[in-house]
Amino acid sequence: MNKELYINPPLVNRVYDWKSGPQPQTREELDAFFVSEPIMKLKEQICEMGRRIYNKGYTDGNGGNISVRVGEDLILCTPTLCCKGFMKPEDICLVDMNAGQLCGYRPRTSEVRVHIAMMKASGMNACMHCHPPHCNAFLFSGIVPPNGINPEADIFLNQIPLAPYGTPGTDEVAANVAEAAKKCNVVFMENHGIVCGGRDVEEAEWFAENADAYCQVLLLASGHGAPLQQVGENSVKDFLAIRKAMGLTVDPAQPLYNTDKFNGYTMKRVGR
């Protein structure tokens with residue numbers, strides 16, 4: 001697919017280019033980097049994404065966490081025990097790729113290890129963990145939404161994997177998410193919530209919205225008692241081609257459909 005014809009003019013590139021940016025190491029360099037203009041803008045954006053997920057009900061109290069990679073060994077992340085709807089730039093922390101805190105007056109989130117593991121496994125630059133209620137209605141039951149039903153869901157979410165349960169903040173859950181993240185940029189965490197990886201932090205937030213909206217519609221559709229419809233194989237292949245053209249990953253080993261059943265029914269196939 002010719003991207004220049006598909007999207008013209010080109011999309012705005014919102015990704016922080018950490019590979020070409022400064023790589024501070026000394027205490028003085030880290031302190032100056034932490035309050036530099038580009039990093040302050042990212043802190044503001046992290047706070048804005050926190051307000052979005054809080055206002056949408058994807059997190060309550062101090063739940064959820066957000067991160068952005070800003071260097072070979074540097075990540076901005078939200079602090080622990082902080083409401084995401086009311087964060088300020090000065091609340092944001094800086095950690096290394098081993099989860100050691102480098103800057104910030106508040107302690108970093110205990111779940112940053114999950115973000116680091118997802119970034120390493122997927123190549124994504126930003127992560128968001130939250131608890132969207134419609135997604136959690138699926139993963140609390142140990143299931144993921146079926147694919148092959150809605151174009152937008154397949155293009156942006158593909159086939160969502162379910163990472164086995166692990167105690168939050170542990171290396172176990174980080175390893176489970178990392179394995180699942182090799183397959184998809186959105187991972188359901190069994191009995192916990194979701195984690196989304198994006199090329200930038202706003203994209204990660206979009207994926208959370210995409211996932212919860214899709215799960216909500218599926219739950220609504222399950223109430224009328226009729227089997228849902230899946231599109232034909234050629235249409236699913238079209239979705240995957242668009243996804244690849246957008247630069248999103250597709251596991252070459254995945255089948256076209258993750259299931260043909262939902263809500264106790266075998267789904268019908270329509271179209272080509």
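Just above, that's the structure.
Think of each chain on its own: its residues are numbered from 1, step by step along the sequence as written. Restriction of local features to residues with pLDDT of at least 70 applies here, the model being predicted, together with a cutoff of 80 or more for giving and counting side-chain atom pairs; totals for whole chains, interfaces and linings are based on all residues. By convention in this description, side-chain values take in all heavy atoms of the structure and omit both hydrogens and water.

Novice: What's the story with the overall build of the chain in this structure? I'm lost.
Specialist: On a plain count of helices and strands, the chain comes out with 9 helices and 12 strands. Relative to the 2.2 N^0.38 estimate, which gives 19 Å for 272 residues, the radius of gyration of the chain is 19 Å and therefore close to what a compact globule would have. Its C-alpha atoms give the chain principal-axis dimensions of about 60 × 40 × 30 Å. Each residue's exposure class comes from its accessible area (1.4 Å probe, protein chains only) as a fraction of the maximum for that residue type: buried when under 20%, exposed when over 50%, partly exposed otherwise. Per-residue burial over the chain gives 49% buried out of 272 residues. Numbering of helices and strands runs from the N terminus, with a helix taken as a DSSP run of H or I at least four residues long and a strand as a DSSP run of E at least two residues long. We compute the radius of gyration over the C-alpha atoms and compare it with the globule rule, which gives 2.2 Å times the number of residues raised to the power 0.38.

Novice: What's the story with the packing of aromatic side chains in this structure? I'm lost.
Specialist: For Phe, Tyr and Trp, where Trp contributes only its six-membered ring, two rings pair if their centres lie within 6.5 Å, and the inter-plane angle classes them as stacked under 30 degrees, edge-to-face over 60, or tilted in between. The tally for this structure, following the rule as stated, stands at 2 aromatic pairs. Taking the centre distance of 5.5 Å and the plane angle of 70° together, the rings of Y54 and F86 count as edge-to-face. Residue Y54 is located in helix 3 (residues 37-55), and its partner F86 is located in the loop between strand 2 (74-77) and strand 3 (93-95); the two are separated by 32 residues in the primary sequence. Residue classification places Y54 among the partly exposed positions, given a relative accessible area of 29%. Residue classification places F86 among the exposed residues on the basis of a relative accessible area of 56%. Charges are assigned to positions over rings by a cutoff of 6 Å between ring centre and Lys NZ or Arg CZ, combined with an angular limit of 35 degrees from the ring normal. When the ring centre of F34 is taken as origin, the NZ or CZ atom of K43, which lies over that ring, is 3.4 Å away. Above the face of the Y257 ring, R269 is positioned so that its terminal group lies 3.7 Å from the ring centre.

Novice: Help me understand the nonpolar core in this model?
Specialist: One recurring pattern in soluble globular proteins: nonpolar side chains tend to sit buried together. V70, L76, L94, V186 and F188 are the most contacted members of the largest nonpolar core, which totals 50 residues. The biggest single contributor to this core is helix 8 (residues 201-221), with 9 residues. Aside from chain neighbours lying at most four places away, what touches V186 is M118, L157, I160, P161, V195, C196, F207 and A211. Counting 23 residues, the second largest nonpolar core, distinct from the first, contains C77, V177, A180 and A181. In this description, a nonpolar core means a group of buried Ala, Val, Leu, Ile, Met, Phe, Trp, Tyr and Cys residues linked to one another through side-chain atoms lying within 4.5 Å. Whether two residues are in contact is decided by their heavy atoms, any of which lying within 4.5 Å being enough.

Novice: When you look at the pairing of strand 5 (residues 126-130) in this model, what are you seeing that I'm missing?
Specialist: A regular strand carries its side chains on alternate faces of the sheet. With respect to burial, strand 5 is a largely interior element, 5 of its 5 residues being buried. Strand pairing is assigned whenever DSSP detects at least two bridges linking the two strands. Direction of pairing for strand 1 (residues 65-71) relative to strand 5: antiparallel, over a ladder of 4 bridges. Note that in strand 5 the partner of V68 across the bridge is A126. For strand 5 and strand 8 (residues 193-198), the ladder comprises 5 bridges, and the chain directions are antiparallel. By the bridge assignment, C127 is partnered in strand 8 with G197.

Novice: Looking at this model, I keep getting lost on the pairing of strand 7 (residues 186-189). Mind explaining?
Specialist: Here strand 7 shows a buried face lined by V186 and F188 and a second buried face lined by V187 and M189. Where strand 6 (residues 162-163) lies against strand 7, 2 bridges are found, and the strand directions are parallel. Note on strand 7: the bridge partner recorded for A163 is M189. Viewed with both strands pointing away, a crossover whose connecting path from the first strand over the helix to the second turns clockwise is right-handed. Crossover strand 6 to strand 7 through helix 7 (residues 171-181) is right-handed. Pairing analysis gives 4 bridges linking strand 7 to strand 8, with the strands arranged antiparallel. Looking at the pairing, F188 lines up with I194 of strand 8. Hairpin connection of strand 7 to strand 8: 3 residues between the antiparallel strands, including N191 at a positive phi of 60°.

Novice: Explain the packing of helix 3 against helix 8 here, please?
Specialist: Each packed pair of helices is defined by two parameters, the angle between the axes and the distance between the axes. It is at 10 Å that the axes of helix 3 and helix 8 come closest, and there the two elements cross at 10°. Judged on the interaxial angle alone, helix 8 and helix 3 are roughly parallel. From helix 3, Q45, M49, R52 and I53 reach across to helix 8, where they touch V201, E202, E205 and W206. Side-chain classes are defined by residue name, with Ala, Val, Leu, Ile, Met, Phe, Trp, Tyr, Cys and Pro counting as nonpolar, Asp, Glu, Lys and Arg as charged, and the others, Gly among them, as polar. Looking at the contact of helix 3 with helix 8, its residues break down into 4 nonpolar, 1 polar and 3 charged. Note on definitions: angles span 0 to 180 degrees between N-to-C directions of axes, and those axes are lines fitted to C-alpha atoms, for helices only across the stretch in contact. For classification purposes, angles smaller than 35 degrees are called roughly parallel, those larger than 145 roughly antiparallel, those between 65 and 115 roughly perpendicular, and all remaining angles oblique.

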